[in-house]
Amino acid sequence: MFIINPISGVYKKKNIHEKVAKYIDYVQYDYSIRFTQYAGHASLIAQQAVEQGYDVCVAVGGDGSINEVAQSLVGTETALAVIPYGSGNGFGRHLHIPPRDVQGAINVLNTGKTVKIDLVKSNVKYFVSNAGFGIDSSVARRFKHHTQRGLASYAWAMVKELLFYFQPFEAKIQIDDVTVEGEWFLFTAFNANQYGYDYAVFPFTSIKDGVLDVILMKYFPLKKLPYIVVCLMLKRPDLIAEATAYRAKKITIHGNKKMVYQFDGDAFVYHDDVTMEIVPQCINVMVPQDLSSY
């Protein structure tokens, strides 16, 4: 089952069905294609696919679309596959599946393997790649309303947020047995290794190791921003005085009533505590045959 989000990312998907027909291995697969019509529709389609006995659900879209499909596949035999067609495509890049390359992604379907990976369960929903609050969630909320997508538009949203709008979030956070409290510029828990656009924070984040990699950063003077950006691009958060890194299995966030979160790039406001807990090896995912480190 190909589940296509027609509006994610910067590229139109009108001819994807033609490319699927051209490249799919008909010896292995029969297939159907469905387009999502509203937020959450991909989860319903994936649930129906599981009930109808489909072997694979292919999420065609960005990390938010992948997140929706994954919600219905946890604990089932139906595997998740992806054709990364969003803006950042962090999850697909983590799995070495080329973004916006239908032929390359379908080749993973035709020749790849199925592995089990971790997801993260929260009292809101599961997330696949990363989740948190701070500058990234604030930018994601602003970016959500941009008519233009892509890296340049995201960068402009980031600049506007930093210069004119962003206020640090006050929260008490329990990370396994450690409790910290303060005003935070950034909190992100990573299951996969990056935000998207090939922008990773930690060098060795794995989606099969049973733990989350967490970065927590205090607010800092804006004049330090270029240095901090360079450190993060080099995957060296340890060089940032305001940042602390953790590895964790369970997290509880006691925030204020106007906390803005992002789960796999989708922003929302939540008015209660948020819990996150790693669920090891709980979903089947199709990956390239030669992928050994993930």
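Here the structure is shown first, and the text comes after it.
Bear in mind the structure is a predicted one, so any value in this text is a computation, not a measurement.

Caption draft 1: Representation of the pairing of strand 3 (residues 56-61) within the structure. By the criterion of burial, strand 3 is predominantly enclosed, with 6 of the 6 residues buried. Side chains Val56, Val58 and Val60 project from strand 3 onto one buried face, and the interleaved Cys57, Ala59 and Gly61 project onto a second face that is buried too. Direction of pairing for strand 1 (residues 2-4) relative to strand 3: parallel, over a ladder of 3 bridges. By the bridge assignment for strand 3, Ile3 is matched with Ala59. Pairing geometry for strand 3 and strand 4 (residues 79-84), over 6 bridges, is parallel.

Caption draft 2: Fine view of a nonpolar patch on the surface. A cluster of nonpolar side chains, namely Trp156, Val159, Leu163, Phe164, Tyr165 and Leu222, defines an oily patch on the protein surface of about 650 Å² accessible area. On the secondary structure map, Tyr165 appears in helix 7 (residues 151-165).

Caption draft 3: Broad picture of the pattern of salt bridges. Tallied over the entire structure, the rule returns 5 salt bridges. When the shortest N-O distance is used, the salt bridge between Arg247 and Asp209 registers 2.7 Å. Of this pair, Arg247 sits in strand 12 (residues 243-248) while Asp209 is found in the loop between strand 10 (199-200) and strand 11 (212-218), placing the two residues 38 residues apart along the sequence. Residue Arg247 is classed as exposed on the basis of its relative accessible area of 51%. Looking at Asp209, the relative accessible area reads 32%, which means it is partly exposed.

Rules used throughout
Residues numbered from 1 in each chain as written. Predicted model: local features only at pLDDT ≥ 70, side-chain atom pairs only at ≥ 80, totals over all residues. Heavy atoms only, no water. Buried < 20%, exposed > 50% of the residue type's maximum accessible area, 1.4 Å probe, protein only. Helix = DSSP H or I, 4+ residues; strand = E, 2+ residues; numbered from the N terminus. Pairing = 2+ DSSP bridges. Patch = residues over 30% accessible without salt bridge, like charges linked within 9 Å, V, L, I, M, F, W, Y side chains within 5 Å. Areas by Shrake-Rupley, 256 points an atom, 1.4 Å probe, with all protein chains shown as cover. Salt bridge = Lys/Arg side-chain N within 4 Å of Asp/Glu carboxyl O.

From the geometry alone we can't say anything about function, so treat these as descriptive.
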